Amino acid sequence: MPRIARGAIPSPNIWNAPQVYELENRAVDPQGAADAAMRELRPWAGATVLDIGCGTGFHLPVLAADAAAVIGVEPHGDLAGLARRRCANLPDVSVYAATAQDLPLPDASVDVAMARWAYFFGPGCEPGLRELSRVVRRGGAAFVIDLDATRGSFGRWFSRTVPAYSAREVEAFWDRQGWQRRTLDLTMSFGRRADLEAVLRIEFAPDVAEQAIAETPGLEIFYPNVLRWRYF
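I will try to describe carefully the structure that is included in this document. (Residues numbered from 1 in each chain as written. Predicted model: local features only at pLDDT ≥ 70, side-chain atom pairs only at ≥ 80, totals over all residues. Heavy atoms only, no water.)

## Quick word on the state of the cysteines
Per the stated rule, a full pass over the model turns up 0 disulfides. Here Cys54 is not disulfide-linked; the sulfur of Cys87 is the nearest cysteine sulfur, at 7.9 Å. Judged by its relative accessible area of 7%, Cys54 is buried. The cysteine Cys125 is free of any disulfide, with Cys54 supplying the nearest cysteine sulfur at 17 Å. (Disulfide = S-S within 2.5 Å. Buried < 20%, exposed > 50% of the residue type's maximum accessible area, 1.4 Å probe, protein only.)

Structural data, given as structure tokens:
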């Protein structure tokens, strides 16, 4: 059985199918628009960067290319182990098996924190946001990248898979927390049709996934997202 940090909220896609999620990570945002948007708001060259919910560590080497130090936090112990192995030759990268609401870091020790596709549901994230306030230094920033369920076919498929999700309530939550937002028009671009279909099958309920596959010609999917941020 995998080791799961106490208080972790399951992430069925990557927890149950990490190999397929790797294909998804490779396909998402080939233009690098998300990183460019974050860098515009708060560059991380020479900074200490925290990746919350880092999974198998896909983004850690890219961050480490410019940052002085990179910290990955992942509640699924087996995935955290994969992230450590991925970054074994990167001395400035460290990975911890822990949750967002219990970060194993000192106060005021991080310049830039980010969570990609880990804070969809807004209400309930308050303990993690309080931890950000503790660990991010003054002059730093935190970023959250989430799916925009109000736009595009991807948003519609997600809403069918998670009918209890309320985009209005989530938006109101982030407004109350004082975070800013901008839309991100990302894409997923695959080299093989089989990879695209496999990714859709880990992201959506079985009947929705089959509909999504039928509605998606070719190898590219529009992937509407929201970038949220807060300065400290």
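## Things to note about empty space enclosed by the protein
Summed over all chains, the structure comprises 1 cavity of 30 Å³ or more. Lining the largest cavity we find Ile52, Ala113, Met114, Ala115, Tyr119, Leu132, Ala142, Phe143, Val144 and Trp179. Broken down by class, the residue content of the lining of the largest cavity amounts to 10 nonpolar, no polar and no charged. (1 Å grid on protein atoms, 1.4 Å probe; cavity = no way out; pocket = protein on both sides within 12 Å on 5 of 7 lines; lining within 4 Å. Points joined across faces, edges and corners; volume = space filled by probe spheres on them. Nonpolar A, V, L, I, M, F, W, Y, C, P; charged D, E, K, R; others polar.)

## What about helix H10 (residues 206-215)?
It helps to recall that an α-helix has 3.6 residues per turn; residues three or four apart then point in one direction. The set of residues buried in H10 consists of Val208, Ala209, Ala212 and Ile213. Angularly, the buried residues of H10 cover 140° about the axis, an arc narrow enough to put them on a single face. Contact partners of the buried residues in H10: helix H7 (152-161) and helix H9 (193-203). (Helix = DSSP H or I, 4+ residues; strand = E, 2+ residues; numbered from the N terminus. Arc of directions from axis to C-beta. Contact = heavy atoms within 4.5 Å.)

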